[in-house]
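# Summary of the model geometry
Below are the chains, spelled out letter by letter.
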Amino acid sequence: FPTRRSSDLCYLAEMMNGTGRVQAWDVHEHRVALIEAQARRLGLENIRPMVRNAAKRREDLISAMDAVLLDAPCSGLGMMAQKPDLKLRVTEDTLTEMISLQAELLDTVREYVKTGGVLVYSTCSILKDENERQAEAFLRRHPAFEEEPLPSAIPEAYRRHQGRGLQLLEHRDGVEGFYLIRLRKKR
């Protein structure tokens, strides 16, 4: 699960009841250290944190994972209420680079998903180019994947907004701007 939020990883690991393995990759050592500390504190031995670039293909993981969560690097524009300086840091050039990196990450990590497995893509962005359009482009490039409805664990108040994935908006939903889509690799 290439992701940056240690709380997401710990929740996933807890749901697995000590079984399986959660690969927790990040390119930033300090984030990996946070994941390690939280996993240790919670006694979660099934988390395997490592400093790793998820865009670099690992042959040993091809078709080996039941699920992959790509919490993609993004513009973060869904967090503007908490971080108003974001609008000053995001430029057309940085956004173009980010969208390209997201596509590269998706193309790489999708190879790790077993047939019948799930790929979840998420961002804390509100931009269609990072979200819906990114998902649509991925599905055009990789017809072995199809969008799957979100689980009932996500409240209906949010799921009713599902289109190509689910876009949450602060002004409408009372939460930070966030996007996710669940994709299944066809059998």
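One can find the structure itself at the top, above this paragraph.
Rules of the game
Residues numbered from 1 in each chain as written. Predicted model: local features only at pLDDT ≥ 70, side-chain atom pairs only at ≥ 80, totals over all residues. Heavy atoms only, no water. Phe/Tyr/Trp six-rings, centres within 6.5 Å; stacked < 30°, edge-to-face > 60°. Helix = DSSP H or I, 4+ residues; strand = E, 2+ residues; numbered from the N terminus. Buried < 20%, exposed > 50% of the residue type's maximum accessible area, 1.4 Å probe, protein only. Pairing = 2+ DSSP bridges. Axes fitted to C-alpha atoms, helices over the stretch in contact; angles between N-to-C directions. Left-handed = near helix turned anticlockwise from the far one by under 90°. Contact = heavy atoms within 4.5 Å. Nonpolar A, V, L, I, M, F, W, Y, C, P; charged D, E, K, R; others polar. Polar contact = N/O pair within 3.5 Å; in protein donor to acceptor, adjacent residues only side chain to side chain.

All right, on to the packing of aromatic side chains then. Per the counting criterion, the structure on display carries three aromatic pairs. Summarising the aromatic geometry, the rings of Trp25 and Tyr112 are spaced 5.9 Å apart at their centres and angled 80° between planes, so their arrangement reads as edge-to-face. Placement of Trp25 in strand S1 (residues 22-26) and of Tyr112 in the loop between helix H4 (92-109) and strand S4 (113-123) is noted, with a sequence separation of 87 residues between them. Taking the centre distance of 6.4 Å and the plane angle of 65° together, the rings of Tyr121 and Tyr179 count as edge-to-face.

Moving on, we come to the pairing of strand S3 (residues 65-71). Looking down a regular strand, the side chains alternate between one sheet face and the other. Of all seven residues in S3, five are buried; the element is thus mostly enclosed. The pairing of S3 with S4 spans six bridges and is classified as parallel. Of the residues in S4, the one forming a bridge with Ala67 is Val118.

At a closest axis distance of 9 Å, the pairing of helix H1 (residues 6-15) and helix H2 (residues 29-42) adopts a crossing angle of 35°. Crossing of H1 over H2 shows right-handed handedness. Of H2, the residues touching H1 (which contributes Ser6, Ser7, Leu9, Cys10 and Glu14) are Leu34, Ile35, Gln38, Ala39 and Leu42. Within the contact of H1 with H2, the residues separate by chemical class into six nonpolar, three polar and one charged.

The next thing to look at is unusual backbone geometry. Although it is not a glycine, Ser63 adopts a positive phi angle of roughly 55°. Within the element layout of this structure, Ser63 appears in the loop between strand S2 (47-51) and S3.

Looking now at the side chain of Gln102. Here Gln102 is to be found in helix H4. Residue Gln102 is classed as buried on the basis of its relative accessible area, which comes to 0%. A polar side-chain atom of Gln102 sits 3.1 Å from a polar atom in the side chain of Gln134. Dropping the residues within four chain positions of it, Gln102 is found in contact with Ala72, Pro73, Cys74, Tyr121, Thr123, Glu130 and Gln134.

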